[in-house]
Amino acid sequence: TMYLFDPEQGRRRRAVTRERAGSTLRRGGRFLRAGALDVSHRARGALAEARHVVHRDEPDDDILLARVRSALGHVCSNPHAIDVSVADGRVALHGLILREELDGLLLRVARIGGVKDVENLLEAHDGSERVPSLQGDRVVRSRSFWSPGTRLLALLALIGGIASVGVRARAVTRLEG
């Protein structure tokens, strides 16, 4: 109490504490929203996968195109330099790519659900020198080890575990008393 109500420093300390608490609440809100959205998307994806297994329906070309474009940003540093076309589940890749990223890209695209074949029409380069489309500070987006939904569920499990330990400890003290 004296720390916050000190006549000389108290006002500043209260303001700093208020700002930190607000920042923590905002970060917590973003964490909860991202986790809930991730869990929701994963649940919808699991339902779509289950529906696919039952009905054996193939995604249309527009959906495959969106899936391939999304995958590009995860495996190559310059996804804007690649053009994608899809016809009847067959994917054609045109454009420029760094040679070191080519195999990873082809493997990733081939693993996308609904892709029947991948046609590699890419022009591979050893480096980005003299190739403006492959230059720049673009970084391949890496995925976190745990998704936001997994982190949220892990936090909820931790809180549940702590709460159950607390309830058990309280029950034990009642029995002893």
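**Q** Explain the packing of helix 2 (residues 61-75) against helix 3 (residues 99-110) to me, please; I cannot follow it from the model alone.
**A** Axis angle and axis distance: for two packed helices, these are the angle between their axes and the distance between the axes, and together they describe the pair. Running from N to C, helix 2 and helix 3 point in directions that differ by 145 degrees, and their axes come no closer than 10 Å. The two elements helix 2 and helix 3 cross, and the hand of that crossing is right-handed. Here Val-68, Ala-71, Leu-72, His-74 and Val-75 of helix 2 lie close against helix 3, whose contacting residues are Glu-101, Gly-104, Leu-105, Arg-108 and Val-109. Classifying every residue of the contact of helix 2 with helix 3 gives six nonpolar, two polar and two charged.

**Q** Would you explain the pattern of salt bridges in this entry?
**A** Between side chains of opposite charge, pairing is possible as soon as their charged atoms come close. Following the criterion strictly, the structure yields three salt bridges and no others. For the salt bridge of Asp-6 with Arg-13, the shortest nitrogen-to-oxygen distance reads 3.7 Å. Between Arg-42 and Asp-38 there is a salt bridge; the shortest N-O distance is 2.9 Å. Of this pair, Arg-42 and Asp-38 both sit in helix 1 (residues 10-55), four residues apart, roughly one helical turn.

Rules used in this analysis
Residues numbered from 1 in each chain as written. Predicted model: local features only at pLDDT ≥ 70, side-chain atom pairs only at ≥ 80, totals over all residues. Heavy atoms only, no water. Axes fitted to C-alpha atoms, helices over the stretch in contact; angles between N-to-C directions. Helix = DSSP H or I, 4+ residues; strand = E, 2+ residues; numbered from the N terminus. Left-handed = near helix turned anticlockwise from the far one by under 90°. Contact = heavy atoms within 4.5 Å. Nonpolar A, V, L, I, M, F, W, Y, C, P; charged D, E, K, R; others polar. Salt bridge = Lys/Arg side-chain N within 4 Å of Asp/Glu carboxyl O.

Remember that the coordinates give geometry; whether it matters functionally is a separate question.
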